[in-house]
Structure formats: structure tokens, C-alpha cells
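Chain and residue survey
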Amino acid sequence: MTAWRSLALHAESSPELPRIPALEDLYSYKGGIHMRQGQLIMVVGRSGVGKSGFALYLARQWGLRTLYLSADMSPFTASTRLAGMDLSATQDEVVAMMKGSDVAQQAIHEALSDSNIQFSFGQPITWRGLDE
């Protein structure tokens, strides 16, 4: 297939993901970064710089069905981070809320209930595991 034919057939099949205002510098960097549905987006960097938290933030901001694979973050950490994003709370505050009243626990439940993120914490991450 020629490049033109591919572009003509698929121009609308991979729309740009919703723009996140906090990332405006990325969108305008050297001609712009355009993250599109259907693309594999890899976040890389040194250990301990917040890659997993950033990827989780992206997935939550976009609100799309997402399979989130994590080989270095526990289910507990991922869940408290996700709840904290919606509640504008730290991880420690989310933990305290979980130990608190039924009302506080209900607030966390409601914050997480509309998430389209499905987690996979299996290790190692394999093609077979992805398929399943």
C-alpha cells in the first residue's frame, strides 16, 4: 500500500487524544507532539523519576478504556494514587480516609467508580498475559 493510500484510508481512524492543559508545553514542542488513539505510548526514564505516576495520570486524564500494565508499582500504590488524583488528596490522606468513616470510604469508591482503567500487575509482563 502506498503512503498516500494508507493516509487516505486511515486519516480519521486514529483521532488525537483529548488535550491535557497541563501538558501544553509537550504539544507545542518542536512542531508538536500528537498523541493519538490506538498508538502505543511508552514513558521511559531513570528509576524513581515518576514514570508510573505520570502514565497513570495520562490514563486518568484521557478517561478512555485503558489496560495499565505495571511491573514496578503495587496495586495498593496504583489505587491510592488514582483515588488521590480525583480527590485532590495525597496517598497518605487516601489511606487515612480508608481507615476512617463509611462516608470517607464512599467518597473514595465514588471517585474510582468511573475510572476506565483496568490494571494488570502480573510479572513478568508477557505477550500471552497481554492477550489474556
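Residues numbered from 1 in each chain as written. Predicted model: local features only at pLDDT ≥ 70, side-chain atom pairs only at ≥ 80, totals over all residues. Heavy atoms only, no water.

Chain-level pLDDT for the chain is 87 on average; 100% of the residues reach the 70-or-more range. The spread of mean pLDDT over the elements of the chain runs between helix 7 (residues 127–131), the lowest at 76, and helix 5 (residues 91–98), the highest at 94. (pLDDT = per-residue confidence, 0-100. Helix = DSSP H or I, 4+ residues; strand = E, 2+ residues; numbered from the N terminus.)

Before going further, it helps to spend a moment on the packing of helix 3 (residues 51–62) against helix 4 (residues 75–87). At a minimum axis separation of 10 Å, helix 3 and helix 4 run at an interaxial angle of 50°. Overall, the two elements helix 3 and helix 4 adopt an arrangement that is oblique. In the packing of helix 3 onto helix 4, the handedness of the crossing is right-handed. Each of Ser52, Gly53, Leu56, Tyr57 and Arg60 in helix 3 lies in contact with helix 4, whose residues at this interface are Ala78, Arg81, Leu82, Met85 and Asp86. (Axes fitted to C-alpha atoms, helices over the stretch in contact; angles between N-to-C directions. Parallel < 35°, antiparallel > 145°, perpendicular 65-115°, else oblique. Left-handed = near helix turned anticlockwise from the far one by under 90°. Contact = heavy atoms within 4.5 Å.)

Moving on, we come to the packing of aromatic side chains. Evaluated as defined, the whole model comprises 2 aromatic pairs. Look at Tyr68 and Phe119: their rings are 5.7 Å apart centre to centre, the planes differ by 75°, and that puts the pair in the edge-to-face class. Taken together, the residues Tyr68 in strand 1 (residues 66–69) and Phe119 in strand 2 (residues 117–120) connect sequence positions 51 residues apart. Judged by relative accessible area, which is 27%, Phe119 ranks as partly exposed. Seen in terms of ring centroids, Phe119 and Phe121 are 5.3 Å apart; in terms of plane orientation they differ by 20°. Their pairing is stacked. Using a relative accessible area of 22% as the deciding quantity, one classes Phe121 as partly exposed. (Phe/Tyr/Trp six-rings, centres within 6.5 Å; stacked < 30°, edge-to-face > 60°. Buried < 20%, exposed > 50% of the residue type's maximum accessible area, 1.4 Å probe, protein only.)

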